[in-house]
Amino acid sequence: MSQVFMDCPDTGKPVYVGLSMEWDQLESLEMGSVDREVSECPHCGKTHRFGKKDLFLRADGGG
Ligand SMILES: [Zn+2]
């Protein structure tokens, strides 16, 4: 399983959005009209909204 990140728009650093999935799951993910957001970004402390296009995966190293 890989962890889903977005780039913090203020610092450009990756922020874990609280989801874990694989690429095929991300590709088929229906974000729809649901607003998703990261509250209290660890880098800047703000709340960031994100869409599917903002997301990328990082392997957690556990295989
Ligand atoms: Zn941020």
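Residues numbered from 1 in each chain as written. Predicted model: local features only at pLDDT ≥ 70, side-chain atom pairs only at ≥ 80, totals over all residues.

Caption draft 1: Seen up close, the overall build of the protein. Regarding its fold elements, the protein presents one helix and five strands. Listing the helices and strands of the protein from first to last along the sequence gives β-β-α-β-β-β. Among the 63 residues that make up the protein, the fraction classed as buried is 6%. At a minimum sequence separation of 6, the contacts of the protein that also span at least 24 residues come to 48%. (Helix = DSSP H or I, 4+ residues; strand = E, 2+ residues; numbered from the N terminus. Buried ≥ 20, exposed ≤ 12 C-beta atoms within 10 Å, placed from the backbone. Contact = placed C-beta atoms within 7 Å.)

Caption draft 2: Inspection of unusual backbone geometry at higher detail. Positive phi outside glycine occurs at Glu-40, with the angle close to 55°. Relative to the helices and strands, Glu-40 resides in the loop between strand S3 (36-38) and strand S4 (48-50).

Caption draft 3: Examining the sheet that holds strand S1 (residues 2-7) more closely. Reading across the sheet, the three strands line up as S2-S1-S5 and stay open at both edges, with antiparallel pairing between neighbours. Looking at which strands have only one partner, the edges of the open sheet turn out to be strand S2 (14-21) and strand S5 (55-59). In this sheet, adjacent strand axes meet at a mean angle of 40° when their direction is disregarded. Inspection of the sheet shows S1 paired to S2 by five bridges, in the antiparallel sense. Residue pairing in the sheet places Asp-7 in a bridge with Pro-14 of S2. (Pairing = 2+ DSSP bridges. Axes fitted to C-alpha atoms, helices over the stretch in contact; angles between N-to-C directions.)

What is shown is where atoms sit, not what they do.
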